[in-house]
Amino acid sequence: MSASKPKKSFKIEPFKHKVEMDPDYANNTWKVLEDAIHEIYNHNASGLSFEELYRSAYNMVLHKYGNKLYEGLTTTMTNQLQKVAGQIDAAQGDTFLEELNLKWLDHNKSLQMIRDILMYMDRTYVTNQNKVPVHELGLNLWRDAIVRNGRIRDRLLKTLLDLVHKERTGEVINRGLMRNVTKMFVDLGQTVYLEDFEKPFLDATADFYKAEAQQFISTSDCTDYLRKAEKRLNEEIERVAHYLDQKTESKLTTVVEREMIGNHMKLLVEMENSGLVSMLTNDKYEDLARMYNLFRRVPTGLQTVRDLMTSHLRETGKQLVTDPERQRDPVEFVQRLLDEKDKYDRLIAQSFGNDKTFQNALNSSFEFFINLNTRSPEFISLFVDDKLKKGLKGVSEEDVEGVLDKVMMLFRYLQEKDVFEKYYKQHLAKRLLSGRTVSDDAERSLIVKLKTECGYQFTSKLEGMFTDMKTSKDTMAAFQQKMVEEGNDSDISLQVQVLTTGSWPTQPGAKATLPPEILEQCDKFKNFYLSTHTGRRLSWQTNMGTADLRATFAHSRHELNVSTYQMCILLLFNNADALSYQEIQAATEIPVADLKRNLQSLACVKGRNVLRKEPVGKDVDEDDVFHFNDKFTNKLHKIKIGTVSAQKESEPEKQETRQKVEEDRKPQIEAAIVRIMKSRRLLDHNNIISEVTKQLQSRFLPNPAVIKKRIESLIEREFLERDKNDRRLYRYLA
Amino acid sequence: RFYKRGEVCDRNIRLKILDESKEGPEAAGCEEIPVSSIVLAAKSLVLQKMIFAGMQESDKGAPMSIKVTAEEKEAFKEMLHFLYAGSLSPRLHDPATDVREVVRLLVVGDKFEVPSLMG
């Protein structure tokens, strides 16, 4: 019959004959397939002929009975699954879940076979008619008949949640079974998993941990609580790995984090004796790391930690810098700041994973409290002074760098960097002039650091000081050589340092009458110097020098290292045994304050009292009389007599420095204003203030009132004018 | 037939003619062909499922019985050739051969899901 087949649509033509020939064909064939499906569910598949079944289904589809086949399959499978549902429901107690799992595995296997038999239908009929493919159909039917079966649904969920609860309370459960069942939910489709299992599961989880958190928090301290929370969290993550869908992990941890951490953050960090503050003070790195890792998981968690840390830091920092006890010893003061910084640096590195936001919080806190104390710049400079004078002896180069870097870090926090510069200049001058600096390299290294931080301008004068020192050394060598050549030997050896005015912090007008033998040398030097450097003017800064004297006492000889003033005083006693205060003053013309201080250090300090004062007392009075102390002894041969003066500045000196600083700021502010106005031409008051502040903040924080004064002064000098219409606007006059 | 040459054959296919008019005993035109189940499974999805479905055909001791209509029989054998050789037998290349034979091969190929014989 195929011989008559037309050339087109070969496939269909021959079978049309068959349909006509056998009207019962479809029913008979379907019967075969239906029986086979039952057999498959009854585990009797091995007796079936795949070829026959496939051929039957193939022919049914070819004969346009695809619809009958598909409908038949749906009905048969539905009936089959309803039977299964009955069996599952009948299972008692613990066997319920096992039965369900068993049936599920059965169904999968059967479904696989059925799909293979109906492969041709899946490929043609289902695709053409947009039907649900056999496999998916089987899953949907299972979902509706079993998982969403009114009698099974709740029981299943309750069983699962009970099992999880049991495991959470420490019992061992059959994880494999759990895994299979949850896998079933996933296989049935994401929505089934989400709606029928995950959502109720998460709700139950939230309830569980809400209760547990309540209980923990009332019985545990912060450390314990966090430990427990961490453990719970890991358990849940493990749970997901064992028998839940991977996608559940983030949701599950979110729930646990919210219930255990998020809802109790404030309470936890503020827990007395165990909260954040206690951890910080007691260096509990491990606990802090745990807190960081847990709090990081919840929104605003880290912020909570950071905020509390900041306020704690500010509080303790404030106490530190405003504690009057601490201010007695600037070195100790700065050391404490450095220690504190070190402590928190270490803490952030070890516990907070070097979190940038925490580092910023730390920095801003330091900036906040360091500037609470207006003397911080001075103290930091004093700290450097101390380190460079003696503190760095025997310390390796790297360590020196380390200390300097730390100081620079504190320096960065300072708002009033110009104040620091002022003090630093003074201290550096003292160090250089008294030759007490330990390491030139360290000095220079610090200057370089300051330069990188604040620019050339900041350090040019400091560098000028170093240059002066070097030139002076050369000059002195030349001078001495010349003295020797001229046979002009003297038992007084004069060391002169020529300082450039402006580079050095000089106290003007501190004149004193030098002893004639010194004066003679000085004049020689002056002539020598001016002969090579014409047009310059030398003036003697007697308040900054030092002198080594050889003194003979009744019992011993000593070498005394004294200031120039003290030398002037002591040399008077070469010709007299006793001198009154008035006589000394008349002879030396040392300023009153300095004279008193120097006399005090010569007469009133134990072990250094080369003079004797009458009447005996701590303070020097204008009526006192001084004697050469013949009985002076000291086991050391070389004795340094310091000048009694606080290392720190006295109150009036402080005021004076302050005033100087303010004075120095004026031109800087004016320069900034002019710079800004030159480019902007027209600007209103508030903007000028903010721009000036921005420009100058690397050096200091200008006071708006001061800026306003400067603007007014510039208007007076006709650099600026007020706008005629709008009084708040300023105009630049070129 | 060169696909029979191989020692790799592990199964026989018992090819039976299906009498369409009456479902009688299939005595007529029964033929056994030794085949390699691996080759078949690799090339035809349906044969693969048949071999591994766990039904009668999975019994390695017995021949796989496949029923075909009379005109399908030659086409089925041509398909086996194709499964082994990857190309049509020389006979089908002969212009004298009825083009309908090729068409039948394609129909059979579709039925057994041999990808390279399908659309």
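What comes next concerns the included structure. This one's a predicted model, so the numbers in the text were calculated from it and none came from an experiment.

### Thoughts on the packing of helix 2 (residues 25–41) of chain A against helix 5 (residues 95–117) of chain A
All names here are of chain A. Following both chains from N to C, one finds helix 2 and helix 5 inclined at 150°, their axes separated by 9 Å at the closest point. Regarding the angle of helix 2 to helix 5, the classification is roughly antiparallel. Where helix 2 crosses over helix 5, the two elements pack in a sense that is right-handed. Here helix 2 contributes L33, I37, I40 and Y41 to the contact with helix 5, which in turn contributes H107, S110, M113, I114 and I117. Across the contact of helix 2 with helix 5, the residue classes tally to seven nonpolar, two polar and no charged.

### A closer look at the sheet that holds strand 2 (residues 31–35) of chain B
Residues and elements named next belong to chain B. Strand order in the open sheet formed by three strands is 2-1-3, and the pairing between neighbours is mixed. The open sheet has two free edges, formed respectively by strand 2 and strand 3 (64–68), since each of these has just one partner strand. The average angle at which neighbouring strand axes cross in this sheet is 30°, direction not considered. Bridging between strand 1 (residues 11–17) and strand 2 involves five bridges; their strand directions are antiparallel. Its bridge partner lying in strand 2, N12 is registered against P34. Helix 3 (residues 70–85) rests against strand 1, strand 2 and strand 3 of the sheet, and its axis sits at about 155° to strand 1.

### Points about the interface of chain A and chain B
With 28 residues of chain A in contact, the opposing surface of chain B contributes 23 residues. Taking both partners together, chain A and chain B bury about 2,400 Å²; carbon and sulfur atoms supply 60% of that area. Sorting the residues of chain A by area buried against chain B places F50, E51 and R123 of chain A first, and these three jointly supply 24% of that buried surface. Among the ionic pairs, K49 of chain B bridges to D116 of chain A, the shortest N-O distance being 3.5 Å. On inspection of chain A and its partner chain B, the count reaches 12 residue pairs in polar contact (both at pLDDT 80 or more). Counting only elements with at least two residues in the side of chain A that touches chain B, the list comes to helix 3 (50–62), helix 5 and helix 6 (119–123) of chain A. In terms of residue class, the side of chain A that touches chain B is built from 14 nonpolar, six polar and eight charged.

### Quick word on the packing of helix 18 (residues 330–351) of chain A against helix 21 (residues 397–413) of chain A
Residues and elements named next belong to chain A. Viewed as axis vectors pointing N to C, helix 18 and helix 21 meet at an angle of 95°, and their least axial separation amounts to 11 Å. Classified by the angle between their axes, helix 18 and helix 21 sit roughly perpendicular to one another. Packed against helix 18, whose contacting residues are V334, L337, L338, K341, D342 and D345, the element helix 21 presents K406, V407, M409, L410 and Y413 at the interface. Counted by class, the contact of helix 18 with helix 21 contains seven nonpolar, no polar and four charged residues.

### Notes on helix 18 of chain A
All names here are of chain A. Over its 22 residues, helix 18 runs 31 Å from end to end, which matches the ideal 32 Å to within 8%, given 1.5 Å per residue. Its side-chain oxygen 3.1 Å from the backbone nitrogen of V331, D329 forms the N-cap of helix 18. Positive backbone phi, at 55°, marks G353, one or two positions downstream of helix 18.

### Things to note about the side chain of T693 of chain A
Residue and element names in this part refer to chain A. Relative to the helices and strands, T693 is located in helix 30 (residues 685–696). One polar contact links the side chain of T693 to the main-chain carbonyl oxygen of I689, over a distance of 2.5 Å. Residues within four places of T693 in sequence aside, it is in contact with L701, P702 and I707.

### Overview of the sheet that holds strand 1 (residues 546–552) of chain A
Residues and elements named next belong to chain A. If you walk across this open sheet you meet the three strands as 1-2-6, and the pairing is mixed. Edge positions in the sheet fall to strand 1 and strand 6 (638–640), since each has one partner strand and no second. Put simply, the sheet's adjacent strands are angled 25° from each other on average, direction ignored. Helix 26 (residues 564–572) contacts strand 1 and strand 2 (557–563) of the sheet and is inclined by roughly 130° relative to strand 2.

### What to know about the environment of L288 of chain A
Residues and elements named next belong to chain A. Within the secondary structure, L288 is located in helix 16 (residues 285–295). Take L288: its relative accessible area is 0%, and that puts it in the buried class. In this structure, the C-alpha to C-alpha distance between L288 and G275, residues 13 residues apart in sequence, is 9.6 Å. Apart from residues no more than four positions distant in its own chain, L288 is found in contact with L276, M279, L280, L347, S351 and F352.

### A word on the pattern of salt bridges
Opposite charge on two side chains permits pairing when their charged atoms draw close. All names here are of chain A. For the structure on display, the rule yields 67 salt bridges over all chains. Notably, a salt bridge pairs K183 with D187, separated by 3.3 Å at the nearest N-O pair. You can see K183 and its partner D187 sitting in helix 10 (residues 175–187), four residues apart, about one turn around the helix. Residue classification places K183 among the partly exposed residues on the basis of a relative accessible area of 43%. Among the salt bridges present, the one from E622 reaches K596, with a minimum N-O distance of 4.0 Å.

### Here's the deal with the packing of aromatic side chains
A complete count under the given rule lists 23 aromatic pairs over all chains for this structure. Ring centres 5.4 Å apart and planes at 65° place the aromatic pair F76 of chain B and F112 of chain B in the edge-to-face group. Separated by 36 residues along the polypeptide, F76 of chain B in helix 3 and F112 of chain B in the segment after helix 5 (99–111) bring together distant segments of the chain. Accessibility assignment for this pair places F76 of chain B and F112 of chain B in one class, buried. A network of ring pairs unites the aromatic residues F50, Y54, Y58 and Y120 of chain A as a single cluster. The ring of F216 of chain A has K228 of chain A sitting right over it, with the charged end atom 4.3 Å from the ring centre. Taking the ring centre of Y344 of chain A as reference, the NZ or CZ of K343 of chain A above it sits at 5.9 Å.

Thresholds applied
Residues numbered from 1 in each chain as written. Chains lettered and ligands numbered in written order. Predicted model: local features only at pLDDT ≥ 70, side-chain atom pairs only at ≥ 80, totals over all residues. Heavy atoms only, no water. Axes fitted to C-alpha atoms, helices over the stretch in contact; angles between N-to-C directions. Helix = DSSP H or I, 4+ residues; strand = E, 2+ residues; numbered from the N terminus. Parallel < 35°, antiparallel > 145°, perpendicular 65-115°, else oblique. Left-handed = near helix turned anticlockwise from the far one by under 90°. Contact = heavy atoms within 4.5 Å. Nonpolar A, V, L, I, M, F, W, Y, C, P; charged D, E, K, R; others polar. Pairing = 2+ DSSP bridges. Buried area = accessible area lost by both parts, 1.4 Å probe. Salt bridge = Lys/Arg side-chain N within 4 Å of Asp/Glu carboxyl O. Polar contact = N/O pair within 3.5 Å; in protein donor to acceptor, adjacent residues only side chain to side chain. Expected span 1.5 Å × (residues − 1). Buried < 20%, exposed > 50% of the residue type's maximum accessible area, 1.4 Å probe, protein only. Phe/Tyr/Trp six-rings, centres within 6.5 Å; stacked < 30°, edge-to-face > 60°. Lys NZ or Arg CZ within 6 Å of the ring centre and 35° of its normal.

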